[in-house]
Amino acid sequence: MARTSPPAAPRGLSPAQAAARRRERRVLAVLALLAVAAVAGFCLIGLTGNWEYALGLRTRKIATMIVVGTAVACSSVLFQTVTGNRVLTPGVMGFDQLFVLVQTLVVFLFGALALSSADPRLLFAGQVAAMVLFAGALYRLLFGRGGRDLYVLVLAGVVFGTLFGSLSSLASRLINPNDFVVLQDSLFASFNQVDPDLLALSALLVAAAAVWTARLAPRLDVVALGRDHALNLGVHHARVVNRVLVVVAVLVSVSTALVGPVTFLGLLVASLARQLTGTFRHGTVLPAAALLAVTVLVGGQLVLERVFTMDTALSVIINFAGGVYFIALLIRESRR
């Protein structure tokens with residue numbers, strides 16, 4: 001019986017590299033199948049009554065989760081690349097706390113009725129503008145002169161996040177208890193009531209950022225090696241990092257303003273994507289993280305609604321699981 005020879009390696013790749021690439025493609029295919037299965041299950045399980053109406057509601061919710069999951073996954077992977085740290089996420093920069101502060105100030109100054117009756121497009125635009133301007137001012141003041149400024153940027157983000165959280169806590173103690181209940185409902189990530197116009201705008205912004213990131217993936221692989229290696233290999237490190245930070249600010253702002261903060265989702269899917277694919281190539285890690293985020297959000301919402309029949313925010317469970325995973329990462333890194 002004739003023995004079949006192993007497939008030839010693509011030009012420019014060693015047999016080991018070719019085998020690694022095939023493994024990456026298999027992992028991406030499995031993750032894509034899981035995401036499709038989660039979407040199909042969410043659409044079809046428990047579907048009764050008016051199918052057209054029910055499918056319309058579920059399709060909008062799924063589209064929201066896909067947009068948010070992609071934005072959170074890409075922003076987390078990109079932020080970890082430019083910081084050179086696998087534990088940090090954009091939430092460290094204080095974006096989540098800034099969102100909470102904006103919501104709290106609206107209720108504090110104008111009452112809960114103003115928050116619930118405000119034009120969602122105007123509120124969305126104001127929240128995104130506030131977060132992007134905050135990020136732009138922070139980057140301009142603290143980043144760009146040298147590689148060490150990146151650590152100052154992260155520390156400043158932690159300080160501002162703590163400041164925003166303290167101001168939000170102070171304002172929330174001064175508002176009416178009934179208004180406080182409305183405020184708390186708005187601070188948990190919810191995929192149930194999203195304006196279609198805002199969803200379409202967010203999808204366009206996230207798609208544009210994803211295309212730009214895909215084109216930049218080879219240079220991101222070099223940036224992940226560190227500033228000195230990137231400069232030696234001919235990559236303008238500061239320029240790439242500045243652009244990446246702006247894209248991260250836009251992605252985090254859009255996803256947070258659309259549904260609210262999902263703090264630990266990015267850390268969870270970014271770390272799992274690297275472990276499952278076994279590579280740090282952004283052309284593989286970014287789509288893997290996005291597929292994982294979609295699977296976690298859609299599958300989690302499906303289990304929450306159809307299996308446990310629980311009427312609670314999915315972000316509570318994700319933050320709990322992500323927090324446990326975060327502690328496990330810290331323990332593992334400390335042992336190294």
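Anything mentioned here points back to the structure above.
The rules behind each value
- Residues numbered from 1 in each chain as written.
- Predicted model: local features only at pLDDT ≥ 70, side-chain atom pairs only at ≥ 80, totals over all residues.
- Heavy atoms only, no water.
- Helix = DSSP H or I, 4+ residues; strand = E, 2+ residues; numbered from the N terminus.
- Buried < 20%, exposed > 50% of the residue type's maximum accessible area, 1.4 Å probe, protein only.
- Salt bridge = Lys/Arg side-chain N within 4 Å of Asp/Glu carboxyl O.
- Patch = residues over 30% accessible without salt bridge, like charges linked within 9 Å, V, L, I, M, F, W, Y side chains within 5 Å.
- Areas by Shrake-Rupley, 256 points an atom, 1.4 Å probe, with all protein chains shown as cover.
- Expected span 1.5 Å × (residues − 1).
- Phe/Tyr/Trp six-rings, centres within 6.5 Å; stacked < 30°, edge-to-face > 60°.
- Lys, Arg positive; Asp, Glu negative; His and termini not counted.
- Charge placed at Lys NZ, Arg CZ, Asp CG, Glu CD.

Per the secondary structure count, the protein chain includes 13 helices and zero strands. Helices and strands appear in the protein chain in the N-to-C order α-α-α-α-α-α-α-α-α-α-α-α-α. Across the 336 residues of the protein chain, 45% fall into the buried class.

So, on to the pattern of salt bridges. Inspection of every chain in the model, using the stated rule, returns one salt bridge. Notably, a salt bridge pairs Arg281 with Glu24, separated by 2.7 Å at the nearest N-O pair. Placement of Arg281 in the loop between α11 (265-277) and α12 (282-307) and of Glu24 in helix α1 (residues 15-44) is noted, with a sequence separation of 257 residues between them. Assessed through its relative accessible area of 5%, Glu24 is described here as buried.

Turning our eyes to something else, we now look at a nonpolar patch on the surface. A cluster of nonpolar residues, Leu105, Phe108, Leu109, Phe110, Leu170 and Leu174, forms a patch on the protein surface that exposes about 630 Å² of accessible area. Only α3 (95-110) and α6 (149-174) provide two or more residues apiece to the nonpolar patch. Summarising the element assignment, Phe108 is placed in helix α3.

The next thing to look at is α3. In this model α3 runs 22 Å from its N-terminal to its C-terminal C-alpha over 16 residues, within 8% of the 22 Å that 1.5 Å per residue would give. If you check which residues of α3 are buried, you get Phe95, Asp96, Leu98, Phe99, Val100, Leu101, Val102, Gln103, Thr104, Val106 and Val107. Taken from the residues just after α3, Gly111 is the one with a positive phi, measuring 95°.

For the rest of this paragraph, the subject is the packing of aromatic side chains. This structure, assessed with the given rule, holds one aromatic pair. Centroid distance Phe160 to Phe164: 6.1 Å. Interplanar angle 35°. Geometry classified as tilted. Residue Phe160 and its partner Phe164 are both found in helix α6; the two are separated by four residues, about one turn of the helix. Relative accessible area serves as the criterion here: at 9%, Phe164 is assigned to the buried category.

Topologically, Ala290 is positioned in helix α12. Spatially, the C-alpha atom of Ala290 lies 4.7 Å from that of Thr70, the residues being 220 residues apart in sequence.

On the surface, a cluster of positive charge is made up of Arg215, Arg219, Arg239 and Arg243. Broken down by secondary-structure element, the contributors of at least two residues to the positive patch are α8 (196-223) and α10 (237-259). In this structure, Arg239 sits in helix α10. With a relative accessible area of 44%, Arg239 lands in the partly exposed category.

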